[in-house]
Amino acid sequence: AAAGPPIMVNSCTGKMGHATAEAVVRAGLTLVPYSLTGQSEAVAVGNVGVSGVPVELVGPEQRQAALEKIRSQYPDMVVVDYTLPSAVNENAAFYCDNRLPFVMGTTGGDRDKLIADVAASGNYAVVAPNMGKQIVAFQTMMEMMAERFPGCFSGYSLSVAESHQRTKVDTSGTAKAVVASLNKMGLQFGEDQIEKVRSPEEQVSRMGVPEAYVDAGHAFHTYTLTSPDGSVTLEFKHNVCGREVYAEGTVDTCLFLHRQIQAGAEKKLYNMIDVLSAGAMR
Ligand code: NAD
């Protein structure tokens, strides 16, 4: 296996977990052949295959006992969590109690409590609701621009359209963050004015989403700024098909965390901006 830590992905039964486990194998790293999961699946599925690697599922009741064994085989493993918002806080507590360095990609849960608990534990972790490095870099650039040039778009009008698979009911968190930055640049745009494009026909014809990604998962965003007299237009666009960008960013994040641990870094809790700032990209 390549230089880098063995990586345990919880849960390989989920969409993001599976995509991340595949990225681990692609990177030539060791995928720990165990995955913590919800009880019903551990019973129903038993194990899943990831790019030909059989992965044994471990339910909540067995996980403490199983961990002792897994750990003796993979002492320096890094854990990735892509589960459900309802599991975020409990899983983080489990990792901290067991001194397992982890990357929390799962969104939701009690975020303030998550950060406070991890900080208090002194455990190594990266918590990042978006591991798409390039998208996070763009988002951060917009915020830097807002700080540097407040009011630079005064008087301009804005339109924002975001397209995601039909099953996503809420407005994109990334779109909300970019709008917040643009508002600091002189706009008065409400989150409720962000247009959620969810009809497949419109996604293809208007947003340019490839048919194959209409339901399989996509994130297409367009922000258009127009001057009062219409003579100036700026358009920012970021379009993502599938989950690979997040899965690849997660692997980079694991490598980053492993390096921090090896160096005995004093700082223990990181976000995606720390990963980007370290230039931690393959
Ligand atoms: P999913 O429903 O496909 O998968 C979730 C999996 O977690 C399921 O297999 C479920 O059985 C399992 N699970 C539930 N409870 C568990 C527990 N206590 N312990 C272990 N496993 C448990 O969902 P998904 O599409 O893979 O998304 C997962 C999370 O990742 C969501 O919160 C989503 O918003 C987030 N996400 C983050 C990023 C990022 O870049 N950080 C990108 C995409 C999605």
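About the criteria used
Residues numbered from 1 in each chain as written. Predicted model: local features only at pLDDT ≥ 70, side-chain atom pairs only at ≥ 80, totals over all residues. Heavy atoms only, no water. Buried < 20%, exposed > 50% of the residue type's maximum accessible area, 1.4 Å probe, protein only. Helix = DSSP H or I, 4+ residues; strand = E, 2+ residues; numbered from the N terminus. Pairing = 2+ DSSP bridges. Salt bridge = Lys/Arg side-chain N within 4 Å of Asp/Glu carboxyl O. Contact = heavy atoms within 4.5 Å. Axes fitted to C-alpha atoms, helices over the stretch in contact; angles between N-to-C directions. Near = heavy atom within 4 Å. Polar contact = N/O pair within 3.5 Å; in protein donor to acceptor, adjacent residues only side chain to side chain. Areas by Shrake-Rupley, 256 points an atom, 1.4 Å probe, with all protein chains shown as cover. Core = buried A, V, L, I, M, F, W, Y, C linked by side-chain atoms within 4.5 Å. Domains from an automatic or database assignment. Parallel < 35°, antiparallel > 145°, perpendicular 65-115°, else oblique. Nonpolar A, V, L, I, M, F, W, Y, C, P; charged D, E, K, R; others polar.

Break down the pairing of strand 1 (residues 7–10) for me, citing the residues and quoting the values.
By the alternation rule, side chains of strand 1 split into I7 and V9 and M8 and N10, which are all buried. Relative to strand 5 (residues 78–81), strand 1 runs parallel, the two sharing 4 bridges. Looking at the pairing, N10 lines up with D81 of strand 5.

Describe in detail the pattern of salt bridges, supporting the description with residues and values.
For the coordinates displayed, the defined rule picks out 11 salt bridges. K113 is paired through a salt bridge with D117; the nearest N and O atoms lie 3.0 Å apart. Placement of both K113 and D117 in helix 5 (residues 111–121) is noted, with a separation of 4 residues, approximately one turn of the helix. On the basis of relative accessible area, K113 is assigned to the partly exposed category, the value being 41%. Owing to a relative accessible area of 33%, D117 belongs among the partly exposed residues under this scheme. A salt bridge links E143 to K184; the nearest nitrogen and oxygen atoms lie 2.5 Å apart. Placement of the pair is E143 in helix 6 (residues 133–148) and K184 in helix 7 (residues 173–184), with a sequence separation of 41 residues. The exposure class assigned to K184 is partly exposed, which follows from its relative accessible area of 45%. Residues participating in the shared-partner salt-bridge network are E195, E202 and R206.

Can you explain the sheet that holds strand 7 (residues 125–127)? Please cite residues and give values.
Read across the sheet, 5 strands follow the order 1-5-6-7-12 without closing on themselves; strand pairing throughout is parallel. Each edge of the sheet is formed by a strand with only one pairing partner; in this case those strands are strand 1 and strand 12 (269–270). The pairing of strand 5 with strand 6 (residues 102–104) spans 3 bridges and is parallel. Counted as the bridge partner of V79 is F102 from strand 6. In the packing of helix 5 onto the sheet, the strands contacted are strand 6, strand 7 and strand 12, and the crossing angle to strand 7 comes to about 165 degrees.

Give me the lowdown on the site of the ligand, citing residues and values where you can.
By nearness alone, 22 residues border the ligand, and T13, M16, E41, T107 and M131 come closest of all. Contact distances for the ligand include 2.6 Å between an oxygen atom and a side-chain N or O atom of T13. In the environment of the ligand, an oxygen atom lies 2.7 Å from a nitrogen or oxygen atom belonging to the backbone of M131. Burial of the ligand by the surrounding chains reaches 78%, relative to a free accessible area of 870 Å².

Go over the nonpolar core with me, naming the residues and quoting the values.
Across soluble globular proteins, nonpolar side chains show a tendency to be buried alongside one another. V9, V103 and V126 are the most contacted members of the largest nonpolar core, which totals 38 residues. When contributions to this core are tallied by element, the ones reaching two or more residues are strand 1, helix 1 (15–26), strand 3 (47–50), strand 4 (53–58), strand 5, helix 6, helix 9 (244–262) and helix 10 (272–277). A domain-level breakdown of this core finds at least three residues from each of domain 1 (7–131 + 244–277) and domain 2 (133–241). Setting aside residues no more than four positions away along its own chain, V9 makes contact with G17, T20, A21, V24, L31, Y34, S35 and V80.

A description of the packing of helix 4 (residues 88–97) against helix 5 should follow, citing residues and the corresponding values.
Where helix 4 meets helix 5, the axes come as close as 10 Å, and the angle between the chain directions of the two elements is 5 degrees. With respect to helix 5, the axis of helix 4 lies roughly parallel. Contacts between helix 4 and helix 5 involve V88, N89, A92 and C96 from the former and R111, K113, L114, V118 and S121 from the latter. For the contact of helix 4 with helix 5, the per-class residue count stands at 5 nonpolar, 2 polar and 2 charged.

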